[in-house]
Amino acid sequence: MGEPVPIFPRIESEQKKGSFEIDENLKIESPIDISEFDKIDIQVVEILEVSKIEGADKLLKFKVKTAKEIRQIVSGIAKYYSEPEVLVGKKVMAVLNLPPVKLRGVLSQGMLLSTTEKKNIKLIEIDSEVKIGAKVK
């Protein structure tokens, strides 16, 4: 008798565990110094209210709770959330040290961070156990 032959041979992946290679010549687009990143105040906030802005198809108005206060933030993500009220109670990331601006006459006191994938934008949600005001580093 010869050596047994498996009925279903194991398929080996091209990348075996521990054999991932890095590109030592990787080009970084628009690099910044770490001191520049440290200037950005990114914190976890909780969404308290969200509503559409009359006459603005793309904008949503959020009231969020920070570690110190309640802020209003306007975000251009309305077309990606057909039922924006599902965002109430979610914890997300926000940049809190941008100068206030008015968008369509509505005050915005920060910026909510989101991801873009295949032209689909989603807010970056944070685990519910993370405290409001936690700084992102």
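### Notes on the overall build of the protein
Right, so step 1: Check the secondary structure of the protein and you find one helix and 10 strands.
Right, so step 2: Going from N to C terminus, the protein has its helices and strands arranged as α-β-β-β-β-β-β-β-β-β-β.
Right, so step 3: Its C-alpha atoms give the protein a radius of gyration of 22 Å, clearly above 14 Å, the size a compact globule of 137 residues would have.
Right, so step 4: Viewed in the frame of its principal axes, the protein has a C-alpha envelope of about 85 × 40 × 30 Å.
Right, so step 5: Counting over 137 residues, the protein shows a buried share of 28%.

### So, the side chain of Gln72
Right, so step 1: Within the secondary structure layout, Gln72 lies in strand S3 (residues 70-75).
Right, so step 2: A polar side-chain atom of Gln72 sits 2.8 Å from the main-chain carbonyl oxygen of Leu107.
Right, so step 3: Beyond its immediate chain neighbours, meaning those up to four positions away, Gln72 contacts Lys61, Phe62, Lys63, Val106, Leu107, Ser108 and Gln109.

### Observations concerning the packing of aromatic side chains
Right, so step 1: Taken as a whole and judged by the stated rule, the model has zero aromatic pairs.
Right, so step 2: Over the face of the ring belonging to Tyr81 we find Lys122, whose NZ or CZ atom lies 4.6 Å from the ring centre.

### Here we look at the nonpolar core
Right, so step 1: Counting residues in each nonpolar core, the largest one holds 18 residues, and the members touching the most others are Phe62, Ile77, Leu112 and Leu123.
Right, so step 2: Broken down by secondary-structure element, the contributors of at least two residues to this core are strand S1 (42-53), strand S2 (56-65), strand S4 (91-95) and strand S9 (120-123).
Right, so step 3: Dropping the residues within four chain positions of it, Ile77 is found in contact with Lys58, Leu60, Phe62, Ile121 and Leu123.
Right, so step 4: Listed in part, the five residues of the second largest apolar core include Ile53, Leu59, Val74 and Val106.

### Side note on the environment of Val50
Right, so step 1: Secondary-structure assignment places Val50 in strand S1.
Right, so step 2: Residue Val50 is classed as buried on the basis of its relative accessible area of 16%.
Right, so step 3: Separated by 28 residues in sequence, Val50 and Ala78 place their C-alpha atoms 10 Å apart.
Right, so step 4: Those residues in contact with Val50 that lie beyond four places of it in its chain are Leu60, Lys61, Phe62, Pro84, Glu85 and Val88.

Criteria and cut-off values
- Residues numbered from 1 in each chain as written.
- Predicted model: local features only at pLDDT ≥ 70, side-chain atom pairs only at ≥ 80, totals over all residues.
- Heavy atoms only, no water.
- Helix = DSSP H or I, 4+ residues; strand = E, 2+ residues; numbered from the N terminus.
- Rg over C-alpha atoms; globule rule 2.2 N^0.38 Å.
- Buried < 20%, exposed > 50% of the residue type's maximum accessible area, 1.4 Å probe, protein only.
- Polar contact = N/O pair within 3.5 Å; in protein donor to acceptor, adjacent residues only side chain to side chain.
- Contact = heavy atoms within 4.5 Å.
- Phe/Tyr/Trp six-rings, centres within 6.5 Å; stacked < 30°, edge-to-face > 60°.
- Lys NZ or Arg CZ within 6 Å of the ring centre and 35° of its normal.
- Core = buried A, V, L, I, M, F, W, Y, C linked by side-chain atoms within 4.5 Å.

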